[in-house]
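So you can see what is in the structure, the chains are spelled out below.
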Amino acid sequence: MTLRPVLVNIKAVDDSAVGRFWAEALGWRLTSQGSGATAAQPPGFDWLDPSTVCVDVIAVPEPKSSAKNRVHLDLASTSAAHQAELVARLRALGATPAEVGQGDVPWTVLADPEGNEFCVLEPREIYRDTGPVAAVVVDCADPRAMARFWDEAMDWTLHEVTDDRAVWRSPTGTGPYLEFLRSPDVKTVPDRVHLDLVPGPGDDRAAEVARLRALGATDLDVGQGDVPWTCLTDPEGHEFCVLSRT
């Protein structure tokens with residue numbers, strides 16, 4: 001089993017503008033996959049052998065609702081000065097301050113040009129070698145239950161499980177962490193941001209999907225039709241997709 005996270009999939013009305021924002025925000029390469037799909041990719045990114053993730057922005061007709069996204073990115077900083085400079089640069093690129101009930105915290109909450117929330121963290125030693133994205137963060141009701149499902153679902157290394165959080169990272173020890181954090185918020189709308197995963201060499205998508213169903217995943221119909229990926233939800237209803245390698 002070598003199913004690995006490969007894409008942070010963000011829906012946007014204007015995929016080109018949002019994709020450009022994220023490429024400039026992260027200092028990554030901007031690529032276009034045709035009408036309706038724009039990606040920001042880190043240097044050397046290989047989606048068939050991912051040790052990190054890229055940001056893939058997909059066009060949709062519906063604007064973001066007022067509900068806070070249950071999946072977001074945390075960006076890393078190396079010093080207080082760097083954090084302040086990064087926030088200023090992101091705001092110059094089109095980010096806006098966001099209020100999600102965070103109160104008085106040492107990080108800054110912003111939203112991209114279409115309202116997708118993200119955080120610019122204060123310096124933290126654990127994230128010193130992640131690159132610009134410190135973590136992909138998922139709100140959840142039960143981190144321990146999510147740890148049971150996702151640790152079987154993918155081959156990233158589980159670093160921590162408590163009542164409040166479950167944390168993974170690529171087995172190569174590179175790129176961002178994946179963190180499921182306990183949240184009182186209830187999921188009310190489809191996720192605007194979700195993870196896509198890819199099977200390893202020689203692994204069959206249909207077999208991987210069957211394995212995920214046995215673990216508790218549920219099929220999801222979002223009108224995708226006949227496509228080379230499978231849409232699923234985890235046991236708490238977080239949407240994700242399993243891609244084909246071709």
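This part is about the sheet that holds strand β12 (residues 177-182). Reading across the sheet, the 8 strands line up as β6-β7-β8-β5-β9-β12-β11-β10 and stay open at both edges, with mixed pairing between neighbours. Either end of the sheet is taken by a strand with one partner, and the two such strands are β6 (96-97) and β10 (157-161). Examined bridge by bridge, strand β7 (residues 108-111) and strand β8 (residues 117-120) share 4 bridges and lie antiparallel to one another. Bridge pairing in β8 links V109 to C119. Each of β5 (71-75), β8 and β9 (133-140) touches helix α1 (residues 15-26); the most contacted strand, β5, lies at about 30 degrees to it.

So, about the packing of aromatic side chains. This model, assessed by the stated rule, comprises 9 aromatic pairs. Ring geometry for W22 and F118: centres 5.0 Å apart, planes at 65 degrees, overall edge-to-face. You can see W22 sitting in helix α1 and its partner F118 sitting in strand β8, a full 96 residues away along the chain. Per residue, the accessibility class of W22 equals that of F118, and both read buried. Three or more aromatic residues link up through ring pairs in this structure, and these residues are F149, W150, W168, F180 and F240.

Moving on, we get to the sheet that holds strand β15 (residues 229-233). With respect to topology, 8 strands assemble into an open sheet ordered β2-β3-β4-β1-β13-β16-β15-β14, the strand pairing being mixed. What marks the edges here is a single partner per strand, and that holds for β2 (29-32) and β14 (218-219). In the sheet, strand β13 (residues 193-198) pairs with strand β16 (residues 239-243) via 3 bridges, with the strands oriented parallel. Residue pairing across strands places D196 opposite C241, the latter belonging to β16.

Definitions and limits used
- Residues numbered from 1 in each chain as written.
- Predicted model: local features only at pLDDT ≥ 70, side-chain atom pairs only at ≥ 80, totals over all residues.
- Heavy atoms only, no water.
- Pairing = 2+ DSSP bridges.
- Helix = DSSP H or I, 4+ residues; strand = E, 2+ residues; numbered from the N terminus.
- Contact = heavy atoms within 4.5 Å.
- Axes fitted to C-alpha atoms, helices over the stretch in contact; angles between N-to-C directions.
- Phe/Tyr/Trp six-rings, centres within 6.5 Å; stacked < 30°, edge-to-face > 60°.
- Buried < 20%, exposed > 50% of the residue type's maximum accessible area, 1.4 Å probe, protein only.

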